[in-house]
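# Architecture at a glance
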Amino acid sequence: GSTDATFDSNSNKVVICYAGGSDHGTAIVGTVSGTSISFGTAVVYESANSIGSVATFDSNSNKVVIAYNDYTNSQYGTAIVGTVSGTSISFGTAVVFESASIGTTKHSITFDSNLNKVVIAYEDGGNSDYGTAIVGTVSGTSISFGTAVVFESASTRDHAATFDSNLNKVIIAYRDEGNSNKGTVITGAVSGTSISFESPTIFEGDAVQFITTVFDSNSNTSVISYRDDGN
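Presented here is a report on the structure given in the accompanying data block. Remember, it's a predicted structure, so these values are computed and weren't measured experimentally.

## Brief notes about the pairing of strand S8 (residues 88–91)
For strand S7 (residues 76–85) and S8, the ladder comprises four bridges, and the chain directions are antiparallel. Paired with Ser85 across the strands is Ser88, a residue of S8. Connecting S7 to the antiparallel partner S8 that follows it, the hairpin turn spans two residues, and Gly86 within it adopts a positive phi of roughly 65 degrees.

In structure tokens:
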């Protein structure tokens with residue numbers, strides 16, 4: 001399984017999610033002090049094999065949202081809402097957002113701070129592994145979802161999403177298996193509980209893997225990092 005982290009700007013804590021004992025979905029809260037970090041007690045949010053957990057922070061509801069592949073439930077795409085309190089975190093009830101496998105390679109999650117929505121990008125195993133995105137709305141300790149939208153009608157892998165708060169667009173970078181695994185990026189605009197996309201752009205003409213994205217709000221620029229398999 002993979003490890004991901006997000007920053008809870010309400011409690012000023014770091015939350016890390018990872019595959020713990022028996023690959024169970026696990027989260028832990030970290031407190032930064034000077035150049036060090038200390039941790040509370042780990043909390044299991046899914047008592048089952050949970051592969052590829054990814055996290056984001058919803059600054060509207062002050063909740064952490066974790067999305068993952070629930071291996072004991074047919075690898076369905078699943079999300080859960082966490083609330084940080086002190087050095088611990090508690091969770092609501094898990095919600096399935098895709099009744100199909102979302103794969104073992106990286107899916108991604110980001111928060112649209114303009115419309116206060118969570119966006120998850122993933123491969124839809126129930127639809128030929130097409131690149132797909134879905135919009136979630138946090139309410140209390142739960143999350144509800146709109147209808148999934150295909151952004152790439154081909155198999156995709158290694159999704160990496162971020163939110164451009166200057167353009168108010170979601171940016172998704174991915175490996176396009178339908179086009180020689182080239183590094184590809186697409187922008188989407190959330191409206192209500194759905195998202196619409198512009199045409200994709202190739203950012204790397206060779207095959208890529210291990211993509212990450214981040215938005216620099218100082219320069220209003222998104223940065224993509226990746227492994228260039230052609231070099």
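## Here we look at the nonpolar core
Within the largest apolar cluster, 15 residues are counted, with the highest numbers of intra-cluster contacts made by Val65, Phe97, Ile109, Val118, Ile120 and Ile143. If you list the elements that add at least two residues to this core, you get strand S6 (63–70), S7, strand S10 (108–112), strand S11 (117–124) and strand S12 (130–139). Tallying contributions element by element places S11 first for this core, with three residues. Contacts of Val65, omitting those with residues within four sequence positions, involve Val54, Ala55, Thr56, Ile80, Val81, Ile109, Val118, Val138 and Ile143.

## Description of the pattern of salt bridges
Applying the stated criterion to the full structure yields seven salt bridges. Across the salt bridge formed by Asp158 and Arg175, the nearest N and O atoms sit 2.9 Å from each other. Highlighted residues: Asp158 in strand S14 (residues 149–164) and Arg175 in strand S15 (residues 169–176), separated in sequence by 17 residues. Its relative accessible area of 5% is what places Asp158 among the buried residues. Residue classification places Arg175 among the buried residues on the basis of a relative accessible area of 10%.

## Thoughts on the environment of Ile172
Tracing the backbone shows Ile172 in strand S15. With residues near it in sequence (within four places) discarded, Ile172 still touches Ala121, Ala133, Phe151, Ala160, Ala161, Thr184, Val185, Ile186 and Phe197.

## Comments concerning the pairing of strand S13 (residues 142–145)
As paired strands, S12 and S13 are joined by four bridges and run antiparallel to one another. Pairing of Gly136 across the sheet is with Phe145, part of S13. Turn length for the S12-S13 hairpin, with the two strands adjacent in sequence and antiparallel, is two residues, and the turn residue Gly140 shows positive phi of about 65 degrees.

## Quick look at the environment of Ala154
Relative to the helices and strands, Ala154 resides in strand S14. The spacing of Ala154 and Val190 is 36 residues in sequence and 22 Å in space, taken between C-alpha atoms. Among all residues touching Ala154, those that are not within four sequence positions of it are Asp129, Tyr130, Gly131, Asp176 and Gly178.

## Comments concerning the packing of aromatic side chains
Per the counting criterion, the structure on display carries seven aromatic pairs. Between Tyr45 and Tyr68, the aromatic rings sit 5.5 Å apart at their centres with planes inclined by 55 degrees, giving tilted as the arrangement. Remark: Tyr68 occurs in strand S6 and Tyr45 occurs in strand S5 (residues 43–58); sequence separation between them is 23 residues. The exposure classification of Tyr45 matches that of Tyr68, with both residues buried. By the ring-pair criterion, three or more aromatic residues cluster together here, those being Tyr45, Tyr68 and Phe91.

Rules used throughout
Every chain is numbered on its own, with residues counted from 1 as its sequence reads. Note on the predicted model: pLDDT of at least 70 is required for a residue's local features to be given, and 80 or more for side-chain atom pairs to be given and counted; whole-chain, interface and lining totals, by contrast, use all residues. Computation of side-chain values: all heavy atoms of the structure, hydrogens and water removed. By this definition, two strands are paired if DSSP reports at least two bridges between them. Strands are runs of DSSP state E lasting at least two residues, helices are runs of H or I lasting at least four, and both sets are numbered from the N terminus onward. Put simply, buried Ala, Val, Leu, Ile, Met, Phe, Trp, Tyr and Cys residues joined by side-chain atoms within 4.5 Å make one nonpolar core. A simple rule labels every residue: compare its accessible area, found with a 1.4 Å probe on the protein chains alone, to the largest value its type can have, and call it buried under 20%, exposed over 50%, or partly exposed in between. In this description, contact between two residues means that some pair of their heavy atoms is separated by no more than 4.5 Å. The term salt bridge refers to a pairing of a side-chain nitrogen on Lys or Arg with a carboxyl oxygen on Asp or Glu at a separation within 4 Å. Classification of ring pairs rests on two measures: the distance between centres of Phe, Tyr or Trp rings, Trp counted by its six-membered ring, which must be within 6.5 Å, and the angle between planes, read as stacked under 30 degrees, edge-to-face over 60 and tilted in between.

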